[in-house]
Structures are given as C-alpha cells and as structure tokens.
Amino acid sequence: MATKNTYDCAKCPGYCCSYDYIETKPADVTRLAKHHGVAVDVAREKFTKQVEHEGETMRVLRHRKDTVYKSMCMFFDQTERRCTIYEGRPAVCRDYPNGTTCGYYNFLKFERKHQGDKDFIPSA
Ligand code: SF4
Ligand code: SF4
C-alpha cells in the first residue's frame, strides 16, 4: 500500500525551490532543452550556471530575486508559487523531498500553529 505524504506543497511558498544549488546533470539540461524547444547549448547557458560548492564544481539552475525568500529558481512562478516547467524539471526536483515527509513543511506547520496564523511564513 502506498504511504501518504505528510506535506502539502500547495500550502507552502515553495521553500525547496529557493535552494541555491539545485543541481542539473547533463540529462537534466537535455530535458530542459527539449521542454523549451531549444538546443542543448542554449539551454545550458540560459537556464544553468557553473558554481563551486563544498569544493566541487557543479552546474545549477539560475535564480531570480523573490518576494518571499531571498531568491528562487528562475522557473518558479512567484505569484502562483509553483513550478512552471513541471514536466521538464530536473531529477533532483523530481526526487525531493525523498520520502513521505518534508522537514521544511513540518517546521512551517509547527510555526503556523504556534503563531495561530495559517498563512505565516517563517524565515528559514
Ligand atoms: S519545501 Fe516541502 S512542502 Fe514546500 S514546496 Fe518543497 S517539498 Fe513541498
Ligand atoms: S525546476 Fe521547478 S521544481 Fe525545480 S527548483 Fe525550479 S521551480 Fe522548483
């Protein structure tokens, strides 16, 4: 029997999409290129950038300034608070949060209950 998720992304402002290092592997860049109907080189340049993180060189999704968090993935709709490229999103986004619970959602739920405000957004 499938276990039910204990988080609800529709009630979250999309914290996971604010992470600075959303990694894209070559297969992700190819998927992004197909999704947008552009060449792989174009997708790599337009949607990703190379960074150094914890001693490793990696390619991550580009960001833009956000109204809730400091910045968000460039593919995040800041009004609807959701991904605009759901079918084309990288593997790491597909896998997250790797289980039936999301740590940030638990934190959000706890803070909202504590504050008595169902829309409260704590700074992470
Ligand atoms: S932080 Fe958790 S609850 Fe919020 S959008 Fe991401 S996976 Fe969903
Ligand atoms: S591609 Fe979509 S799911 Fe992944 S970080 Fe960006 S907005 Fe979030």
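Residues numbered from 1 in each chain as written. Chains lettered and ligands numbered in written order. Predicted model: local features only at pLDDT ≥ 70, side-chain atom pairs only at ≥ 80, totals over all residues.

J.: Mind showing me how you'd approach the site of ligand 1 here?
T.: Every residue close to ligand 1 is listed here: Y7, C9, C12, G14, Y15, C16, Y96, P97, C102, Y104 and Y105. Taken together, the residues of the shell around ligand 1 break down into 10 nonpolar, one polar and no charged. (Near = placed C-beta within 6 Å. Nonpolar A, V, L, I, M, F, W, Y, C, P; charged D, E, K, R; others polar.)

J.: Which parts of the structure should I look at to understand unusual backbone geometry?
T.: Excluding glycine, most residues fall at negative phi; most peptide bonds, likewise, are trans. Residues Y96 and P97 are joined by a peptide bond in cis, for which omega reads 5°. Along the chain, the position of P97 falls in the loop between α3 (91-95) and α4 (103-115). With a phi angle near 50°, E54 is a residue other than glycine that sits in the positive phi range. By the element assignment, E54 lies in the loop between β1 (48-53) and β2 (56-61). (Helix = DSSP H or I, 4+ residues; strand = E, 2+ residues; numbered from the N terminus.)

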